[in-house]
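# Structural features, examined
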Amino acid sequence: MNLERVRTMVMKEFVQMRRDPATLRLMLIVPVMQLLIFGFAIRTEVRNLPTVVLDESRTAQSRAFVEKLIATGNFRAGPQVDSYAAALAEVDAGRARAAIVIPPSYARDLARGRPTTVQVLVDASDPTASQAAIGAAQLVGQRTNLEQLAQRGGGVQPPVDVRVRPLYNPALRSAVFIVPGIIGMILSNILIIITALSIVRERETGTLEQLIVTPLARWEIMIGKIAPYVLVGYVQMTTVLVVGATVFHVPVRGPLLALYGASFLFIVANLGLGLFISTLGRNQAQVTQTAFLFLLPNVQAMPPAAQAVGALLPLTYYLQLIRGIVLKGNGLLQLWPQMLALAGFAVAFFVFATRRFSKTLE
């Protein structure tokens, strides 16, 4: 090995790197930004679950019990509902992650020294969040029993029986929560990266000029570029669903037609985003680094500021949608806000990519 030739080659690479300051800045800035996002945004503890209350007792004692649950920090008080079916509907639709159900005889039973039952419904599709909520509900029940027994001067049977009902994932298996999320992450990461490199690759290989002189309209070029990858996205999604059902025993409780229809909007949104990113850089290194900025984690333990950033990405709404269909058995009528958001992303990113591509043509 000739060290002089190696040194010359190394110097040449540094010179070439210096001549591309945009890529160099991205290489230095993106890791720092991801470190800050991951470090401050990700939290393993999940608190302040949106909670609806069905208080059929409507007494000071029942309100005190609800306040104790809220004081744990694991529940966030939401609207009152007037029936058990309405409480379940709120949790099914994802507007609430827990429901507190207090029977009409709660205060009367306590006053007469008879046992009473309080039910706490918890969305257990996320085992991390549900375990914390279940533990908090049981702890409040134990404290309430100690207070009641102290007031009565003792006793054998606990006066308040807090029954926690985990919904959708009663065994609290992590695979039930992770597998649907993996579908969203795979579709998002791979499709964005692949399409983000498409325009740049055309430019670097010299075939972009051939596309420019064709009679194809700009939007026709965009459709032609993303159409094959829609099929790729469906193949990826189907593969994960089949493996998840056979290996990890994750059921699909909702209609498959709704799942594939919703996934189409998500796939198109990610492909449009990838094409838009491809118009922002002049080479593959720049585009790849820019794409990593959009591959953010999506976890429910994020603080409000990070959740606001996540609301600007299609993955946030797709995860709510796919878990609603796969785990809860929801249909599109219950998930229409997420469908509307994905449709908006799909149209917006496609339009942005087309407009940016028109500037490149000029």
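Residues numbered from 1 in each chain as written. Predicted model: local features only at pLDDT ≥ 70, side-chain atom pairs only at ≥ 80, totals over all residues. Heavy atoms only, no water.

Glancing now at the overall build of the protein. Within the protein, the secondary structure is distributed over 15 helices and five strands. Considering only contacts in the protein between residues 6 or more positions apart, those separated by 24 or more positions represent 81%. (Helix = DSSP H or I, 4+ residues; strand = E, 2+ residues; numbered from the N terminus. Contact = heavy atoms within 4.5 Å.)

The side chains of a regular strand alternate between both faces of the sheet. Counting buried positions along strand β1 (residues 49-55) gives six out of seven residues, so the element sits mostly inside the fold. For β1 and strand β2 (residues 75-80), the ladder comprises four bridges, and the chain directions are parallel. Each bridged residue has a counterpart across the sheet, and for Leu-49 the counterpart in β2 is Phe-75. (Buried < 20%, exposed > 50% of the residue type's maximum accessible area, 1.4 Å probe, protein only. Pairing = 2+ DSSP bridges.)

What follows deals with the confidence of the model for the protein. Taken residue by residue, the protein gives an average pLDDT of 80. The fraction at 70 or more is 82%. Looking across the protein, the model is least confident in helix α2 (residues 21-41), with a mean pLDDT of 61, and most confident in strand β3 (residues 98-102), with 92. (pLDDT = per-residue confidence, 0-100.)

On to the nonpolar core, then. Grouped together as the largest cluster of nonpolar side chains are 50 residues, with contacts concentrated most on Ile-183, Leu-187 and Tyr-318. Those elements giving two or more residues to this core turn out to be α7 (174-196), α8 (198-205), α10 (218-247), α11 (256-278), α12 (284-292), α14 (314-326) and α15 (336-361). The leading source of residues in this core is α11, at 13 residues. Residues Val-53, Ala-136, Ala-137 and Val-162 belong to the second largest nonpolar core, which totals 22 residues. (Core = buried A, V, L, I, M, F, W, Y, C linked by side-chain atoms within 4.5 Å.)

What follows covers a nonpolar patch on the surface. A contiguous nonpolar patch, built from Val-243, Val-247 and Phe-248 and spanning about 250 Å² of accessible area, is present on the exposed surface. Note on placement: Val-247 falls in helix α10. (Patch = residues over 30% accessible without salt bridge, like charges linked within 9 Å, V, L, I, M, F, W, Y side chains within 5 Å. Areas by Shrake-Rupley, 256 points an atom, 1.4 Å probe, with all protein chains shown as cover. Salt bridge = Lys/Arg side-chain N within 4 Å of Asp/Glu carboxyl O.)

Pairing is mixed across the open sheet formed by five strands, whose spatial order is β2-β1-β3-β4-β5. Among the strands making up the open sheet, the edge pair consists of β2 and β5 (160-167). Across the sheet, the mean angle separating the axes of adjacent strands is 25° when strand polarity is ignored. Across the sheet, helix α3 (residues 60-71) touches β1, β2, β3, β4 (116-123) and β5, and the angle it forms with β3 is around 155°. (Axes fitted to C-alpha atoms, helices over the stretch in contact; angles between N-to-C directions.)

Moving on, we come to unusual backbone geometry. With a phi angle near 55°, Leu-172 is a residue other than glycine that sits in the positive phi range. As for its placement among the helices and strands, Leu-172 is situated in the loop between β5 and α7. The class of Leu-172 is partly exposed, set by a relative accessible area of 23%. For His-249, which is not a glycine, the phi torsion comes out positive at approximately 60°. Inspection of the secondary structure assignment puts His-249 in the loop between α10 and α11. When its relative accessible area of 54% is taken as the criterion, His-249 is described as exposed.

Turning our attention to the side chain of Ser-130. In this structure, Ser-130 sits in helix α6 (residues 127-152). Looking at Ser-130, the relative accessible area reads 0%, which means it is buried. Polar contacts involving the side chain of Ser-130 include one to the main-chain carbonyl oxygen of Pro-127, which spans 3.0 Å. Filtering out sequence-adjacent residues up to four positions away, Ser-130 remains in contact with Val-122, Asp-123, Ala-124 and Leu-172. (Polar contact = N/O pair within 3.5 Å; in protein donor to acceptor, adjacent residues only side chain to side chain.)

This next bit is on the pattern of salt bridges. Under the defined criterion, the tally for this structure stands at six salt bridges. The partner of Arg-97 in a salt bridge is Asp-123, with the nearest N and O atoms 3.3 Å apart. With Arg-97 in the loop between α4 (84-92) and β3 and Asp-123 in strand β4, this residue pair connects regions lying 26 residues apart in the sequence. Accessibility classification places Arg-97 together with Asp-123 in one group, the buried group.

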